Each structure stands twice: as structure tokens, then as C-alpha cells.
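Given next are the chains, with one letter for each unit.
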Amino acid sequence: MAEERTQTDSGTGTPIAENEQVKALLALLKENDSPAYADFAKLIESVTGMEDRLSTAVGELAAMREDLRKMQDRSLKASLQKTCKTLEGNIASMQQKLSELKGRIVEGCRHILEDFKERGTSALNGIAHLLHLKPALEAIRQSAEYNRKENDQSMAKIDAFVSEYHEVGKHLKNMRLALMGKGPVQEARSAGRIAACVKAPYRASRACMGAMKKYAEKAITALEGLERQAQRRPSVLEAMREQAAKAAPAKDQPEASHDRGSR
């Protein structure tokens, strides 16, 4: 039952900002004026941005598939269907990575809230260490960057092919014009409607992956802020302990001198 609950909470269909564990921890951090509140809120905001951007990409690809269904050119249709399938696979992989990240956040929040019941506000000091999010965020960032570059390369190949295709067409046309005694065409036609249609899925994917990378980097920055706070807290507590230790003998000293005087 617990495993099923975690899977439901961390699924991409459930917004992270609406998760009860996340909302409870945010409220707790705010109520206790924790310096971790701002960075944790930014972290959740970045993950929400990832959720929204992937949802938009899914809708864009669905609309493209609907347009493909109406397309008459079978050869172009088959090529675009293959492209959309590949890009859908990339987005599905990113959704899985995001789901894993959300699962870690929810589980970390649950542990912190349980620890708070036992140890009080001191349990809020180690928030970054309990979440263990950096590997998951790095995986999203690296995957987004890799897919974005792949999209750029694919579009560059399409542009090169279209340019070469039109250049060949220009030469053939010039041959015909020469035979007719007319002057040559100086410029090849630019990439037209078909090229734009072929590149559309790659453009949508590139925009999505670029946004995912930016959100992941923002989340990593917020997490690093939490880690710095967690590192500073033990030193503050240690300083307080040392100060208390120094104050203790001084407090006992008057009683000792009083005993010697009475003798």
C-alpha cells in the first residue's frame, strides 16, 4: 500500500506542488522562519516548470500526429510519423526521469516531516542531505542537452539536404534555360513548406529540451543553496556548544571562592 501511494504521489500526472508532503514541508519551513524555505520553494517551482513544459510538448506532438493523419503524401507522412515516434520516446524518457525526481522529493519530504515530530526544528537543518536530488537533476539536465543537440543536428541535415536538392534543381533549370537561349537562374529556391513541415517536430522537441535544461539548472542552483545552508548549520550549533561549555565553569566559580572564604 505504501509503495502504491508513493507511485501515485510521484507520478507525472500529479503536480508536485499539490503533493501533501511537499505542501506540509513548505508550510513547516515557512512557519519556523527557516532559511531553507526560499531555496526549497524555488526547487519546487523549477520542477513544476518541468512538468508544465513536458505537458505542453506532449500536446504539441499530439497535434502533429493529428495533422499527419490528414496528410496525403504517403512518403512524407511515413517519414514524419517515424520522427514523431522517436521524439515521443525521448519525451517519455524525460517523463520517467522527472517521475523519479518527484519520487525522491516526496520521499525526502516524508522523512523530514517524520523526523520533525521526533526532533523538532533541528530536523529541518539537514533538508538537502535527506532529499538526495542532485544525481536525478543532473540526469535530466544531461539528457535534455543531449536531445537538444540531436535535434539541432537533425535540422542541420534537413537544411543541407533541402539546399542541395534545390541547388540540383537550379542547375537542371539552368540547363533548360541555356538550351532555350535564356539567362541562368542565379539563386536556388529557399527551403519551402515541406522542409518546414519536416523540421516542425524537431523544433518542438528542441524548445522543450532547452526549457527542461534551464529548469534543471535552476533546480540545481536551489539545491546547492540548501546544501550550503546545511553545511553552515553544524558549525553554528558547535559554536553554541563551545560557548555553553565555557560559560559553565565561570558560573560555578563564585561558589568555590565563597567556600574557601568560609573556611
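Residues numbered from 1 in each chain as written. Predicted model: local features only at pLDDT ≥ 70, side-chain atom pairs only at ≥ 80, totals over all residues. Heavy atoms only, no water.

Peer 1: Can you walk me through the overall build of the protein chain in this structure?
Peer 2: Along the protein chain, the regular secondary structure elements total 7 helices and 0 strands. The order of helices and strands in the protein chain, counted from the N terminus, is α-α-α-α-α-α-α. For the protein chain, buried positions account for 35% of its 263 residues. Put simply, 78% of the contacts in the protein chain that link residues at least 6 apart link residues at least 24 apart. When the accessible surface of the protein chain is split by element, carbon and sulfur atoms take 53% of a total near 16,200 Å². (Helix = DSSP H or I, 4+ residues; strand = E, 2+ residues; numbered from the N terminus. Buried < 20%, exposed > 50% of the residue type's maximum accessible area, 1.4 Å probe, protein only. Contact = heavy atoms within 4.5 Å. Areas by Shrake-Rupley, 256 points an atom, 1.4 Å probe, with all protein chains shown as cover.)

Peer 1: Looking at this structure, I do not really get the confidence of the model for the protein chain. What am I missing?
Peer 2: Note: predicted coordinates in regions of low pLDDT should not be interpreted at a detailed level. Averaged over all residues, the pLDDT of the protein chain equals 77, while 69% of them reach at least 70. Confidence, read as mean pLDDT per element, is least for helix H1 (residues 2–10) in the protein chain (43) and greatest for helix H2 (residues 20–31) (94). In this model, residues 234–241 is a region of pLDDT below 50 whose contacts with residues beyond four sequence positions or in other chains number 1 contact. Within the model, the stretch residues 259–263 combines pLDDT values under 50 with 1 contact to residues more than four positions away or in other chains. (pLDDT = per-residue confidence, 0-100.)

Peer 1: Please explain unusual backbone geometry as it appears in this structure.
Peer 2: The phi angle of most residues is negative, glycine excepted, and most peptide bonds adopt the trans form. With phi around 50°, Asp33 is a residue other than glycine that occupies positive phi space. Looking at the element boundaries, Asp33 is found in the loop between H2 and helix H3 (36–70).

Peer 1: I tried to follow the packing of H3 against helix H4 (residues 74–119) on my own but got confused; where do I start?
Peer 2: Across the interface, H3 lies against H4 with an axial gap of 10 Å and an inter-helix angle of 160°. One finds that H3 runs roughly antiparallel with respect to H4. As H3 runs across H4, the sense of the crossing is left-handed. Here the contact of H3 with H4 is composed, by residue class, of 19 nonpolar, 2 polar and 7 charged. (Axes fitted to C-alpha atoms, helices over the stretch in contact; angles between N-to-C directions. Parallel < 35°, antiparallel > 145°, perpendicular 65-115°, else oblique. Left-handed = near helix turned anticlockwise from the far one by under 90°. Nonpolar A, V, L, I, M, F, W, Y, C, P; charged D, E, K, R; others polar.)

Peer 1: Explain the pattern of salt bridges here, please?
Peer 2: It is possible for side chains bearing opposite charge to pair when their charged atoms get close. Throughout the structure, instances matching the rule amount to 14 salt bridges. Arg65 is the partner of Glu88 in a salt bridge, and the nearest nitrogen-oxygen pair spans 2.8 Å. Taken together, the positions of Glu88 in helix H4 and Arg65 in helix H3 put the pair 23 residues apart, joining distant regions of the chain. The class for Arg65 is partly exposed, based on a relative accessible area of 30%. A salt bridge links Glu227 to Lys134, with the nearest nitrogen and oxygen atoms 3.6 Å apart. Of the two residues, Glu227 is situated in helix H7 (residues 193–262) and Lys134 in helix H6 (residues 134–179); the sequence distance between them amounts to 93 residues. (Salt bridge = Lys/Arg side-chain N within 4 Å of Asp/Glu carboxyl O.)

Peer 1: What is the right way to look at the nonpolar core in this model?
Peer 2: Among soluble globular proteins, nonpolar side chains are generally buried collectively. Formed by 54 residues in total, the largest nonpolar core has its most connected members in Leu25, Phe40, Met50, Leu101, Ile105, Ile127 and Leu137. Put simply, the parts of the chain that give this core at least two residues each are H2, H3, H4, helix H5 (127–131), H6 and H7. If one sorts the elements of this core by residue count, H4 sits on top with 13 residues. Setting aside chain neighbours within four positions, we find Leu25 in contact with Phe40, Cys109, Ile112, Leu113, Leu124 and Ile127. (Core = buried A, V, L, I, M, F, W, Y, C linked by side-chain atoms within 4.5 Å.)

Peer 1: In this structure, what is going on with the environment of Ile44? I would like to understand it.
Peer 2: With respect to the helices and strands, the residue Ile44 is situated in helix H3. Taking relative accessible area as the criterion, Ile44 reaches 4% and is therefore assigned buried. When the C-alpha atoms of Ile44 and Ala222 are compared, they prove to be 9.4 Å apart, with 178 residues separating the residues in sequence. For Ile44, the residues in contact, after removing those within four places along its chain, are Ile16, Ala17, Val22 and Ile105.

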